[in-house]
Amino acid sequence: MAPSSEAATVRVLCQKLLLSGNQPGTLQWLIGSPFFPPFTVVSTFRCINQSPDFEQESDDLQKLLPKGFEVIGGLLVGDSDAEKNAFEAVRAARRLRKHISEVGELDDEKIVGASCDAGTGAISFFISKNENSTKLDSVASVVYEDNSGKYLWENGCLLHCELPIKLPFYFPASSPSDSKEMFSDAIDAVVTQFKEPYVAYIAETLKKASGDVPKPVVLRGKDLGFGADASNINRLAAADQLSDIKMLSCSHFFLNSKTTAIVNSAENADKMHVSVRLNRSVKSPTSGAPVAEYFPAMEEARLIVVDLNLDVLTYAPKDLPLMHAVSNLVIPALVDQLYSLKKIILPYLLMEHPKLQIFHFSPPGVLHPVTTIYKLNYGETEMKQVDVRKSLHLRLGLPLDRPLLRTANALDLSVNDDSRSNTKKRGSNLLKDVHIGIPSSGVSEGVASLIQGSYEYYHYLQDSFDDSGWGCAYRSLQTIISWFRLQHYSSIAVPSHREIQQTLVEIGDKDPSFIGSREWIGAIELSFVLDKLLGVSCKIMNFRSGSELPEKCRELAMHFETQGTPIMIGGGVLAYTLLGVDYDEGSGDCAFLILDPHYTGSEDHKKIVNGGWCGWKKAVDSKGKSFFLHNKFYNLLLPQRPNMV
């Protein structure tokens with residue numbers, strides 16, 4: 001290893017550096033940004049094959065990665081020879097960078113090489129100066145950032161551009177093989193139009209909540225600066241709102257936004273929309289009559305019209321001049337996506353074209369958004385589409401037991417709503433995630449294990465239906481089903497009391513007279529309904545006394561850490577929903593996060609929390625009292641996550 005001529009620091013923003021454990025031979029691409037300090041690792045993508053298919057890897061990463069992010073190195077899991085492994089990772093990363101950039105020149109950029117010891121899991125970082133370097137430089141330090149989401153989004157924004165294109169082209173009827181060349185020429189003609197002097201790019205904010213919205217800004221092709229190195233573009237101070245539109249920064253659209261809210265994810269980041277307009281009605285210096293040119297076809301020709309719906313998302317620092325954001329991020333993204341769609345369509349050009357649609361996602365653990373192109377010819381549950389999502393889960397290091405990249409998970413880029421949790425769900429009067437922001441449990445050295453994901457709060461008297469005194473388990477079941485809906489495991493509507501009763505009658509558990517009755521149900525009935533309606537299996541835990549529940553805190557904590565689903569607690573004629581536990585393994589002290597369906601008031605979050613309808617209940621409080629009665633039998637229903645993507 002060569003001594004470091006400059007004290008290089010590697011900064012790691014991603015929470016999870018290793019996506020597949022210490023499996024020997026695993027290669028990962030390190031992702032950074034030209035807008036960040038050198039050697040800043042934002043995320044890692046797994047190379048699908050141990051022997052990389054660089055053309056395939058290049059195609060996949062160009063689709064997935066928003067402009068504003070790039071490959072800055074590689075990580076290889078191997079033996080204890082860290083420098084050798086890092087050198088192999090660097091060599092692979094440089095090959096991939098060449099495929100992506102489509103240039104055969106030497107790669108003179110400094111990039112990161114990393115090695116993970118398969119035996120110990122220790123990760124070592126090195127720096128490669130250029131492609132001709134035969135030795136790697138050591139790294140002075142490695143910094144793991146805590147608040148990495150804030151690092152990206154406090155000073156960064158997203159630019160979104162949609163562009164539907166109907167692309168007609170002709171080819172000789174006697175020579176169908178010429179169709180691919182004609183289609184390629186038509187695509188190239190569209191690319192040329194993106195840089196025409198009179199093409200207009202209209203930028204406007206997606207933030208609609210505020211009345212003080214900046215006016216849209218129009219940039220024309222003749223005003224743009226193409227081909228600039230993003231890392232060397234001069235930034236603008238937030239206050240530099242110059243009259244020259246060329247020097248207007250992206251922050252122009254966000255000067256009054258996010259003054260108090262925490263911005264820590266792509267979902268609630270500042271966003272702007274860029275529209276493309278081709279203006280052919282330009283004033284001519286000389287007057288003249290319209291001219292029509294006629295080009296007769298020399299032989300019979302066929303017409304094909306291809307629908308291309310471009311939809312790109314790019315990342316830019318807010319102090320980047322808007323003209324550079326458009327010319328060096330948005331337009332290259334449109335070009336890359338156009339060629340990606342062309343590659344998918346070409347094999348089907350003379351047949352029925354695949355129905356392609358672009359989606360953007362912000363999966364957990366990945367700091368930046370990712371973009372996918374799905375073929376909608378296949379349903380989401382068909383194996384071809386499932387296999388596509390499985391491959392994406394593997395590449396991004398996502399779990400294979402939950403749907404994170406289904407179309408329902410896609411980012412909604414139509415409205416940037418500052419409201420987060422504890423607010424009414426759009427189109428519904430039900431409160432969501434009411435436990436967020438409640439007071440702490442009081443377990444001093446405890447570790448809290450909570451529900452993963454969102455749910456709706458169902459309780460007595462909702463929907464003008466009087467179930468007071470008998471419907472608490474029904475309401476707990478509705479809350480549980482809402483969790484599966486909001487995590488996109490199912491799209492069925494949350495069933496009413498009557499529909500729950502009908503389900504139990506249909507499976508033979510109850511007599512027909514049960515429908516419309518006010519009979520209680522318990523854990524067994526809930527498990528039957530979840531299995532019938534959602535295909536969800538459940539684990540049931542029985543306790544002879546409430547005093548036994550604290551003994552199972554460790555097991556309940558494991559449920560929330562691995563499954564993350566809400567739990568129904570049944571005791572006699574009462575039912576509650578358990579959203580988490582706070583457990584001190586040293587002292588045995590614990591508390592239970594209870595969502596109480598017996599609440600009968602309005603959808604008022606403050607009233608619900610202050611009234612104790614959602615909050616922590618100590619196993620034994622300061623007065624020696626317990627929330628769970630010692631002389632009562634309890635059962636717990638623990639729904640299990642389906643293994644699906």
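Our structure is the block above this text.
Analysis parameters
Residues numbered from 1 in each chain as written. Predicted model: local features only at pLDDT ≥ 70, side-chain atom pairs only at ≥ 80, totals over all residues. Heavy atoms only, no water. Helix = DSSP H or I, 4+ residues; strand = E, 2+ residues; numbered from the N terminus. Buried < 20%, exposed > 50% of the residue type's maximum accessible area, 1.4 Å probe, protein only. Areas by Shrake-Rupley, 256 points an atom, 1.4 Å probe, with all protein chains shown as cover. Pairing = 2+ DSSP bridges. Axes fitted to C-alpha atoms, helices over the stretch in contact; angles between N-to-C directions. Contact = heavy atoms within 4.5 Å. Phe/Tyr/Trp six-rings, centres within 6.5 Å; stacked < 30°, edge-to-face > 60°. Lys NZ or Arg CZ within 6 Å of the ring centre and 35° of its normal. Parallel < 35°, antiparallel > 145°, perpendicular 65-115°, else oblique. Nonpolar A, V, L, I, M, F, W, Y, C, P; charged D, E, K, R; others polar. Core = buried A, V, L, I, M, F, W, Y, C linked by side-chain atoms within 4.5 Å. Domains from an automatic or database assignment. Salt bridge = Lys/Arg side-chain N within 4 Å of Asp/Glu carboxyl O.

### Quick look at the overall build of the protein chain
Part 1: The helix and strand tally for the protein chain stands at 11 helices and 23 strands.
Part 2: Across the 645 residues of the protein chain, 50% fall into the buried class.
Part 3: Of the accessible surface of the protein chain, which amounts to about 30400 Å², a share of 50% is contributed by carbon and sulfur atoms.

### As for the sheet that holds strand β12 (residues 217-220)
Part 1: Reading across from one edge, β12-β11-β13-β10-β14 is the order of the 5 strands in this open sheet, with mixed pairing throughout. Of all the strands in the sheet, the pair left with one neighbour each is β12 and β14 (301-317). Recorded for the sheet is a direction-independent mean angle of 20° between the axes of neighbouring strands.
Part 2: Pairing between strand β11 (residues 199-205) and β12: 4 bridges, direction antiparallel. Of the residues in β12, the one forming a bridge with Ile202 is Val218.

### Quick notes on the environment of Gly25
Part 1: Of note, Gly25 is situated in the loop between β1 (9-12) and β2 (27-32).
Part 2: Considering only alpha carbons, one finds Gly25 and Asp79, 54 residues apart in sequence, at a separation of 9.1 Å.
Part 3: In this view, Gly25 contacts Gln50, Leu76 and Val77; residues no more than four positions away in its chain are not counted.

### Points about the packing of aromatic side chains
One pair of aromatic rings is described through two measures. These are the centre distance and the angle between the planes.
Part 1: Taken as a whole and judged by the stated rule, the model has 18 aromatic pairs.
Part 2: Arranged with centres 6.4 Å apart and planes meeting at 35°, the rings of Phe359 and Phe361 form a pair that is tilted. Across the pair, exposure class does not vary: Phe359 and Phe361 are buried alike.
Part 3: One aromatic cluster is present, built from ring pairs that chain together Phe36, Phe69, Tyr151, Trp153 and Tyr315.
Part 4: Above the ring of Phe514, the side-chain terminus of Lys510 is found at 5.3 Å from the ring centroid.

### Description of the sheet that holds β1
Through backbone hydrogen bonds, the strands of a sheet pair up, either in parallel or in antiparallel fashion.
Part 1: The parallel open sheet is built from 3 strands, whose spatial order is β3-β1-β9. Either end of the sheet is taken by a strand with one partner, and the two such strands are β3 (40-41) and β9 (141-144).
Part 2: As judged from the 4 bridges shared by β1 and β9, these two strands associate in the parallel manner. Paired with Thr9 across the bridge in β9 is Ser141.

### Quick notes on the packing of helix α8 (residues 497-506) against helix α9 (residues 523-534)
Part 1: Packing of α8 against α9 leaves a shortest axis separation of 10 Å and a crossing angle of 85°. Considering the angle they form, α8 stands roughly perpendicular to α9. Contacts between α8 and α9 pair Ile500, Thr503, Leu504 and Glu506 from the former with Glu525, Phe528, Val529, Lys532 and Leu533 from the latter.
Part 2: Here the residues of the contact of α8 with α9 sort into 5 nonpolar, 1 polar and 3 charged.

### Here we look at the nonpolar core
Across soluble globular proteins, nonpolar side chains have a tendency to be buried as a group.
Part 1: Counting residues in hydrophobic clusters, the biggest one holds 99 residues, and the most contacted among them are Trp29 and Phe194.
Part 2: The dominant element in this core, judged by the number of residues it contributes, is helix α5 (residues 322-345), at 14 residues.
Part 3: For this core, the two domains that each supply at least three residues are domain 1 (9-146) and domain 2 (154-229 + 248-253 + 265-280 + 296-354).
Part 4: Once residues lying within four places of it in the same chain are set aside, the contact partners of Phe194 are Leu163, Val199, Tyr201, Leu310, Ile331, Leu334, Val335 and Leu338.

### Section: the pattern of salt bridges
Part 1: Following the criterion strictly, the structure yields 21 salt bridges and no others.
Part 2: Of the charged contacts in the structure, one is a salt bridge between Asp270 and Lys318, with a shortest N-O distance of 2.6 Å. Linking Asp270 in the loop between β12 and β13 (271-278) with Lys318 in the loop between β14 and α5, this pair joins segments that are 48 residues apart in sequence. The same class applies to Asp270 and to Lys318, which are both buried.
Part 3: When the shortest N-O distance is used, the salt bridge between Arg402 and Asp401 registers 2.9 Å.
Part 4: For Asp401, a relative accessible area of 16% corresponds to the buried category.
Part 5: Overlapping salt bridges, with partners in common, bring together Glu55, Asp59 and Lys343 in one network.

### What about the pairing of strand β6 (residues 111-117)?
Look at any regular strand and the pattern is simple: side chains alternate between the two faces of the sheet.
Part 1: Along β6, 7 of the 7 residues are buried, which leaves the element largely enclosed by surrounding structure.
Part 2: The alternating pattern of β6 places Ile111, Gly113, Ser115 and Asp117 on one face and Val112, Ala114 and Cys116 on the opposite face, and all of these are buried.
Part 3: Bridge analysis of strand β5 (residues 70-78) against β6 gives 6 bridges, and the strand direction is parallel. What sits directly across from Leu76, in β6, is Ser115.
Part 4: Alignment of β6 against strand β7 (residues 123-128), held across 6 bridges, turns out to be antiparallel. In the strand pairing of β7, Ser115 is matched with Ser124.
Part 5: The loop that links β6 with its antiparallel partner β7 comprises 5 residues; one of these, Gly121, has a positive phi angle of about 85°.

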